[in-house]
Amino acid sequence: MANDRVTIWTLDWVPDGPRGFVRDIRLRWACEEAGIPYRIATVSFDGRETNHLDRQPFGQVPMLEDGAIRLFESGAGLIHLGGKSDILMPADERGRAETIQWIFAGLNSLEMVTMPWVVLQWSKEDVPTISGWLDNRLAQMESVLADREWLVADRFTLADLVIADVLRVDLVRKHGDRPASEAYVARITSRPAFRKAYADQMTHFEEADETRKEDDNG
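Presented here is an overview of the structure given in this document. (Residues numbered from 1 in each chain as written. Predicted model: local features only at pLDDT ≥ 70, side-chain atom pairs only at ≥ 80, totals over all residues. Heavy atoms only, no water.)

## Some thoughts on the pairing of strand β2 (residues 38-43)
Reasoning step 1: In this structure, strand β1 (residues 6-11) lies alongside β2, joined through six bridges in parallel fashion. Each bridged residue has a counterpart across the sheet, and for L11 the counterpart in β2 is V43. (Pairing = 2+ DSSP bridges. Helix = DSSP H or I, 4+ residues; strand = E, 2+ residues; numbered from the N terminus.)

Encoded structure:
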């Protein structure tokens, strides 16, 4: 039933560059893995810095709604979804704790390094301290992935979803020689749930292209 669905909020349109990486994909992917019904709602790309501050104080996406619960930040949304399905997060105390640990590691220890580095690459800048920090973090993650197929519970969890999503960014994926990380990203992103979430996000923005063209021509 419609009332049983969670709502994932994203932007109505984005330029080509971020497509496939807008972070509602994390929530879409989790719902697809667990079979959690969901719908997509949008806020306008135009005016996005201020047009939804009542839902997200930093003017970003995604947001997640589940009944009376309203959350912002993809990590918070993922942890909430994990509580709805042990497909995403093991029900036992140890498995849950370790999954949450890796979610935080992906967002705080990895992504807080990868994203500043990526932005510097876009602007054709190199800051040796940031590059060195990135190389160290990626080498540390390579060492972890060289020894295991999954991060928690010997199976796919939200831990793998987050780490793979951070590592799959094109510039990061091409940086250095990290065979274990590359094999891991390739394997995790070959999952049908990811492929569907990715395709659906791309379709969402492609359809928005047509709407904007019609508006421009109108």
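## Re the packing of helix α1 (residues 24-34) against helix α2 (residues 74-82)
Reasoning step 1: As a packed pair, α1 and α2 sit with axes 9 Å apart at the nearest point and diverge in direction by 10 degrees. Looking at the two axes, α1 sits roughly parallel to α2. Contacts between α1 and α2 involve R26, L27, A30 and C31 from the former and S74, G77, L78 and L81 from the latter. (Axes fitted to C-alpha atoms, helices over the stretch in contact; angles between N-to-C directions. Parallel < 35°, antiparallel > 145°, perpendicular 65-115°, else oblique. Contact = heavy atoms within 4.5 Å.)

## Observations concerning the side chain of H204
Reasoning step 1: Tracing the backbone through its elements, the reader meets H204 in helix α8 (residues 192-217).
Reasoning step 2: When residues no more than four places from it in sequence are discounted, the contact partners of H204 are T10, L11, D12, R28, I40 and T42.

## Structural notes on the nonpolar core
Reasoning step 1: Among the nonpolar cores identified, the biggest contains 49 residues, and W29, L81, L151 and L167 are the most heavily contacted of them.
Reasoning step 2: Among the secondary structure elements, those contributing two or more residues to this core are β1, α1, α2, α3 (93-122), α4 (128-145), α5 (158-167), α7 (179-188) and α8.
Reasoning step 3: Residue contacts for L151: discarding those within four places in its chain leaves W102, M141, V144, L145, A159, D160, I163 and Y184.
Reasoning step 4: Counting 12 residues, the second-largest nonpolar core is a separate cluster that includes W9, V14, V22 and A208. (Core = buried A, V, L, I, M, F, W, Y, C linked by side-chain atoms within 4.5 Å. Buried < 20%, exposed > 50% of the residue type's maximum accessible area, 1.4 Å probe, protein only.)

## Examining a nonpolar patch on the surface
Reasoning step 1: Judged by side-chain polarity, V119, W122 and L171 come together as a nonpolar surface patch covering roughly 310 Å² of accessible area.
Reasoning step 2: Of note, L171 is situated in helix α6 (residues 170-173). (Patch = residues over 30% accessible without salt bridge, like charges linked within 9 Å, V, L, I, M, F, W, Y side chains within 5 Å. Areas by Shrake-Rupley, 256 points an atom, 1.4 Å probe, with all protein chains shown as cover. Salt bridge = Lys/Arg side-chain N within 4 Å of Asp/Glu carboxyl O.)

## Quick notes on empty space enclosed by the protein
Reasoning step 1: One pass over the full model with this rule turns up one cavity of 30 Å³ or more.
Reasoning step 2: Of the volumes computed, that of the largest cavity is approximately 30 Å³.
Reasoning step 3: If you go around the largest cavity, the residues you meet are W9, R55, M63, L64, E65, R70 and L71.
Reasoning step 4: At the level of secondary structure, the elements contributing two or more residues to the lining of the largest cavity comprise β3 (63-66) and β4 (69-72).
Reasoning step 5: In terms of residues, the lining of the largest cavity owes the most to one element, β3, which gives three residues.
Reasoning step 6: Its residues assigned to classes, the lining of the largest cavity shows four nonpolar, no polar and three charged. (1 Å grid on protein atoms, 1.4 Å probe; cavity = no way out; pocket = protein on both sides within 12 Å on 5 of 7 lines; lining within 4 Å. Points joined across faces, edges and corners; volume = space filled by probe spheres on them. Nonpolar A, V, L, I, M, F, W, Y, C, P; charged D, E, K, R; others polar.)

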